[in-house]
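Each chain, letter by letter, is given below.
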Amino acid sequence: MIIFDLLGMLLTAYFVGFLYYGLYRNITARFQRRIGPTVLQSFFDSIKFFSKDESTSHGWMFYLGPVIMTTGAVMTLFFIPFFYESESFRGLSQYGNLFVVLYLIMLGPLGNAMGVGVSGSPFAAMGITRGLTRMFAMELPFYIAVIALMSINHSADIATIAANQTTINAFAYPLLFIGALFSFIAMMGNSPFDVVGAPVEVYSGPAAEFSGKFLGLLMSQSSIMSFAKLVLMVNLFLGGAGGFIELLVKTFILFLFVIAFGSIYGRFKTPQSVDFLVKVPTAIAVAGLLLATLGGQ
Amino acid sequence: MRMFTIVISILTLYGVLDLSVAPASWHMDLAKIGLENIAIGVHATALSNFFALLVAMSFMIISITTYHYKLSKGFYFLLYLLTASLMLIVYSADYLLFFIGWEVMSITTYLLLSYTLTYKALVKYIIFAMASAMSLLAAIVILYSGAHSFLYADAHHAYTALSSTLQTVFVVLMLFALFVKLGMIGLHYWLVDSYSQSHDFFTPFLSAVISKMAVYALIVLLVQVIDIAALPNTWIVYTLALTGLMSSIIANFKALNEDSIKRVLAYSSIAQLGYIVTVLSFADGMSGALYHSLIHTLVKLLLFINVAGIIYMTSKSKFSELGGLIYRMPQSFVMLLIGIIVLAGMPPLAGFASKYLIYNTLLEHGNLLILSAMMFSSASAFLYIYKLIYGIYLGHPTSKKLESIQEVPLMFLIPQYLLSAILVIIGTFPGLLTGYFNTILVELGIKQLPQEGISVLATQNGSYNGFIVIAAFMVVFMLVLLILLSLRSKVKEAKDRFDIAYCGEVPNEGTHLHYGYSMGKELKRVGFIATILKNSSSHFYEYLSKQLFAFATFFRKIYSGNLSVNFNIAMIFLLVLLLWGLK
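Remember, it's a predicted structure, so these values are computed and weren't measured experimentally.

### Brief notes about the overall build of chain B
Right, on to step 1. Looking only at helices and strands, chain B has 21 helices and five strands in total.
Right, on to step 2. Radius of gyration (C-alpha) of chain B: 26 Å, near the 25 Å computed for a compact globule of 583 residues.
Right, on to step 3. Buried positions account for 51% of the 583 residues belonging to chain B.
Right, on to step 4. Of the contacts made within chain B by residues no fewer than 6 positions apart, 78% connect residues no fewer than 24 positions apart.

Structure (structure tokens):
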């Protein structure tokens, strides 16, 4: 039954996502020589947000913003198969290929942008501008790498690309992987590309107006989305996964790398991050694409 | 007059639909009236029916919106004449009638624009339109010299009979003429001003239909005259691909810098046509080009009519003067939301279907860098697309007047409902039109699209199921909404629009809160975007006009209008002739 399949995917992503988010806070704390919160703290936080007595709303569009964002995250998850050969946990991936996923990733943030815009907070709109600006720059190296993979495998199907790797793509096409990895760090909203949320020093960012259950929903979708992106990256570059253990190990390694990278480097300003992303990772990815496609002939 | 226009438009649509069912053609040899070697004709092929359908449909839709405008009889008459000339362009079977249609189109557009355009914008338009027409005429004459026939049927024969130099000249002239009409970057100097200053009710037609005539002409040129399928990797292919790509990237960034809504949409038109031109460089990109032409026509009608409604109600046309209209105009907001989702090419709606075809064509041909650049361009469009909805409907109202505005009148909403319904249906069933497009592709002798049912859009590389995507989206959306609503936590509406988190301060009437409309301007700090924004073709054209003026001033010194000077010049001229004759 596809319903149970989808439910299974959703629950896995939800809990693993929160687990990873907790680990993120914990590991970052260790990098900074703090002890940090317990691993389940983020999960408790989201439950607390959901059970708040009151949350402020700015009309129906404000209400729909987080809902569309969550829908976008869940849809992205459904179109990415967890395992390359299994009949289960492949969700709706046979009904849409990588092009659909690449666009679904952007659906949520755009939907939420409507909710943020209607709240009328100029600082929140500032966060959206930063997000959209960073978005097109961060997509470029990722697109190049993904398109190269699609061309090499003669398929835009994620499961096929995952299954086709005798040596995993990260080693077979290292330049493509490095280029895509920069984008991936930005997509995960991690430093040095985390100016959108700018959680510490500026009272801004898309979440500025959301409170109570809206914030809880945004937190939940963020963990689902993070896990979906990790699975996508594992499928494309790390050889996919045959079972749950492999999936968890591979996603965790990738996640650990992203955290470590983010803990070391400082934050770019928006124009700086755009400038960096369209230059260095893009050049690496283009070189990788040329090597991969011309070398094959 | 308004009802008459609606009746005429419905009759036109009926006529076009009737022709699509029963194909017809008419030919005439002008030798009978003393013009040897000239045959003209009209025919209703599947391709011309498709474009005629776009014209008739757009004509009908904009004639509904005329209900609220007081336009002179002359305006209506010119509109009918324009539509007739467009029909002549798409139905003609030879380049002679095509040119007549093209010329009438350019002139009637000029006259229609002359109602509202400033002198400068009007001069820009007519110079470019005439340059386009003259270059088209020259190209047609060159082609005629090949086989002494204007008919499309002989065109490929005529083209191959030309010497290779003449072939190059022909293609360059032809592409120049069409690129001017498409407003490809560098030749778009006239377009943005004309679009933004034209009458609000006429702009949808201008963007949705008139630019499509150039797409039609380009398809005829590439398929029936040059036969692009037989010439992969020639300079023609690269010119098309790169021109389209550069146009879409540059126009998308240029749109960021604009404050006027209609100027943003004008740049967006350039970008979308850029995708079409790029994909037309491959013969089997025709399916994507046709699909995208249809979607672009529908979505630009929707967006421009929406904007016309806003301008009608508020008489403001800039982002900096609007804002916060969402709860005053909820229906218009939803229509614009559908419009921008399609324009962005997001999956649940129709915009994704045509982009999907375009991307797949590029992937199949291994043009990976062009594909990456095009997807990048498409992603960079999100910024102005968001600005479009934020600047008008979200944020805060910028003046007192906007707080008491009403929803736009029904006659603006009816066409928008119609268009967005079509866009949603096509998005849900992207394979619905595959059969129809295949009839056109068969006629042009191009590889067909695979058919796998109405909800699946299939290509050689794979398929996606529009119905599953939209159904899953709706189900997940409803479930999440239900969960959110069923939570114990209460929702408190904000007191007023100033009830926001604002760094611990309390904003009031005097606080400027709607500055988000200028989003994207900070991108000037990024190197390559600054280069795009700083440089403009207007510098070149201004330089050109300055030089022309200098030449005219010099010429005026000789040809001063003084009779004795003229007489002297004539005498010198005669003397020269005499000396030459004696020698």
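And the narrative resumes.
### Quick notes on the overall build of chain A
Right, on to step 1. Per the secondary structure count, chain A includes 11 helices and one strand.
Right, on to step 2. Against the globule reference of 19 Å for 297 residues, chain A gives a C-alpha radius of gyration of 19 Å, in line with a compact fold.
Right, on to step 3. Projected onto the principal axes, the alpha-carbon positions of chain A cover approximately 60 × 45 × 40 Å.
Right, on to step 4. The burial tally for chain A puts 63% of its 297 residues in the buried class.
Right, on to step 5. Intrachain contacts of chain A at a sequence separation of at least 6 include 79% that bridge at least 24 residues.

### Considerations on the interface of chain B and chain A
Right, on to step 1. Between chain B and chain A, the residue contacts involve 59 residues of the former and 65 residues of the latter.
Right, on to step 2. Counting residues per element, the ones that place at least two in the side of chain B that touches chain A are helix 14 (350–364), helix 15 (368–393), strand 4 (462–465), helix 18 (466–486), strand 5 (490–493) and helix 19 (527–534) of chain B.
Right, on to step 3. Looking at the side of chain B that touches chain A element by element, the count peaks at 11 residues for helix 15 of chain B.
Right, on to step 4. Looking at the side of chain B that touches chain A, its residues break down into 40 nonpolar, 12 polar and seven charged.
Right, on to step 5. The pairing of strand 1 (residues 54–57) of chain A with strand 5 of chain B spans four bridges and is classified as parallel. Looking across to strand 5 of chain B, one finds that A:Ser55 is bridged to B:Val491.

### Remarks on unusual backbone geometry
Right, on to step 1. Cis geometry is adopted by the peptide bond preceding A:Pro192, which originates at A:Ser191 and carries an omega value of 10°.
Right, on to step 2. Tracing the backbone through its elements, the reader meets A:Pro192 in the loop between helix 8 (174–187) and helix 9 (212–237).
Right, on to step 3. Unlike most non-glycine residues, B:Ser315 shows phi in positive territory, near 50°.
Right, on to step 4. Tracing the backbone through its elements, the reader meets B:Ser315 in the loop between helix 12 (286–314) and helix 13 (330–344).
Right, on to step 5. Assessed through the 9 C-beta atoms surrounding it within 10 Å, B:Ser315 is described here as exposed.

### Some thoughts on helix 17 (residues 434–444) of chain B
All names here are of chain B.
Right, on to step 1. Residues of helix 17 that are buried include every one of Thr434, Phe437, Ile440 and Leu441, and no others. One face of helix 17 carries all of its buried residues, which in axial projection span an arc of 125°. In this structure, helix 17 carries Gly435 and Val442 as exposed residues pointing more than 90 degrees from its buried face.
Right, on to step 2. Looking at the buried side of helix 17, the elements it contacts are helix 2 (46–65) and helix 12.
Right, on to step 3. Just beyond helix 17, the residue with positive phi is Gly445, at close to 75°.

### Some points on the confidence of the model for chain A
Right, on to step 1. Averaged over every residue, the pLDDT of chain A is 88; residues scoring 70 or more account for 97%.
Right, on to step 2. Here strand 1 of chain A stands out as the least confident element of chain A, with mean pLDDT 86; helix 8 of chain A is the most confident, with 93.

### What to know about the packing of helix 1 (residues 2–31) of chain A against helix 9 of chain A
Residue and element names in this part refer to chain A.
Right, on to step 1. Where helix 1 meets helix 9, the closest approach of the two axes is 8 Å, and the angle between their N-to-C directions is 95°. Between helix 1 and helix 9, the crossing angle belongs to the class labelled roughly perpendicular. Along the contact surface, helix 1 presents Ala13, Tyr14, Val16, Gly17, Phe18, Tyr20 and Tyr21, while helix 9 presents Ser220, Ser223, Ile224, Ser226, Phe227 and Ala228.
Right, on to step 2. Grouping the constituent residues of the contact of helix 1 with helix 9 by class yields nine nonpolar, four polar and no charged.

### A look at the nonpolar core
The tendency in soluble globular proteins is for nonpolar side chains to be buried side by side.
Right, on to step 1. Grouped together as the largest cluster of nonpolar side chains are 313 residues, with contacts concentrated most on A:Val101, A:Val146, A:Ala228, B:Val55, B:Met174, B:Ile219 and B:Phe382.
Right, on to step 2. Beyond its immediate chain neighbours, meaning those up to four positions away, A:Ala228 contacts A:Ala13, A:Ala73, A:Thr76, A:Leu77 and A:Ile80.

### Topic: the domain arrangement of chain B
Right, on to step 1. As assigned here, chain B comprises domain 1 (251–261 + 271–534) and domain 2 (536–582).
Right, on to step 2. Summarising the inter-unit geometry, the C-alpha centres of domain 1 of chain B and domain 2 of chain B are found 53 Å apart.

### Here's the deal with helix 9 (residues 203–226) of chain B
Right, on to step 1. With 24 residues, helix 9 of chain B ought to run about 34 Å at 1.5 Å a step, and its terminal C-alpha atoms sit 33 Å apart, in line with that.
Right, on to step 2. Where burial is concerned, most of helix 9 of chain B is hidden: 23 out of the 24 residues are buried.

### With respect to the environment of A:Thr160
Right, on to step 1. Along the polypeptide, A:Thr160 turns up in helix 6 (residues 158–163).
Right, on to step 2. Linking A:Thr160 and A:Asn235, residues 75 residues apart in sequence, is a C-alpha distance of 9.3 Å.

### A word on the pairing of strand 4 of chain B
Residue and element names in this part refer to chain B.
Right, on to step 1. Going residue by residue along strand 4, you find Gly462 and Tyr464 tucked away on one face and Ser463 and Asn465 tucked away on the opposite face as well.
Right, on to step 2. As paired elements, strand 3 (residues 456–459) and strand 4 share four bridges and run antiparallel to each other. Bridge pairing links Ala458 to Ser463 in strand 4.
Right, on to step 3. Here strand 3 folds back onto strand 4, and the loop between the two strands holds two residues.

### What about the environment of A:Val278?
Right, on to step 1. Among the secondary structure elements, A:Val278 is positioned in helix 11 (residues 270–296).
Right, on to step 2. Linking A:Val278 and A:Ala137, residues 141 residues apart in sequence, is a C-alpha distance of 5.9 Å.
Right, on to step 3. Excluding its chain neighbours within four sequence positions, the residues that come into contact with A:Val278 are A:Ala137, A:Leu140 and B:Phe528.

About the criteria used
- Residues numbered from 1 in each chain as written.
- Chains lettered and ligands numbered in written order.
- Predicted model: local features only at pLDDT ≥ 70, side-chain atom pairs only at ≥ 80, totals over all residues.
- Helix = DSSP H or I, 4+ residues; strand = E, 2+ residues; numbered from the N terminus.
- Rg over C-alpha atoms; globule rule 2.2 N^0.38 Å.
- Buried ≥ 20, exposed ≤ 12 C-beta atoms within 10 Å, placed from the backbone.
- Contact = placed C-beta atoms within 7 Å.
- Nonpolar A, V, L, I, M, F, W, Y, C, P; charged D, E, K, R; others polar.
- Pairing = 2+ DSSP bridges.
- Arc of directions from axis to C-beta.
- pLDDT = per-residue confidence, 0-100.
- Axes fitted to C-alpha atoms, helices over the stretch in contact; angles between N-to-C directions.
- Parallel < 35°, antiparallel > 145°, perpendicular 65-115°, else oblique.
- Core = buried A, V, L, I, M, F, W, Y, C linked by C-beta atoms within 7 Å.
- Domains from an automatic or database assignment.
- Expected span 1.5 Å × (residues − 1).

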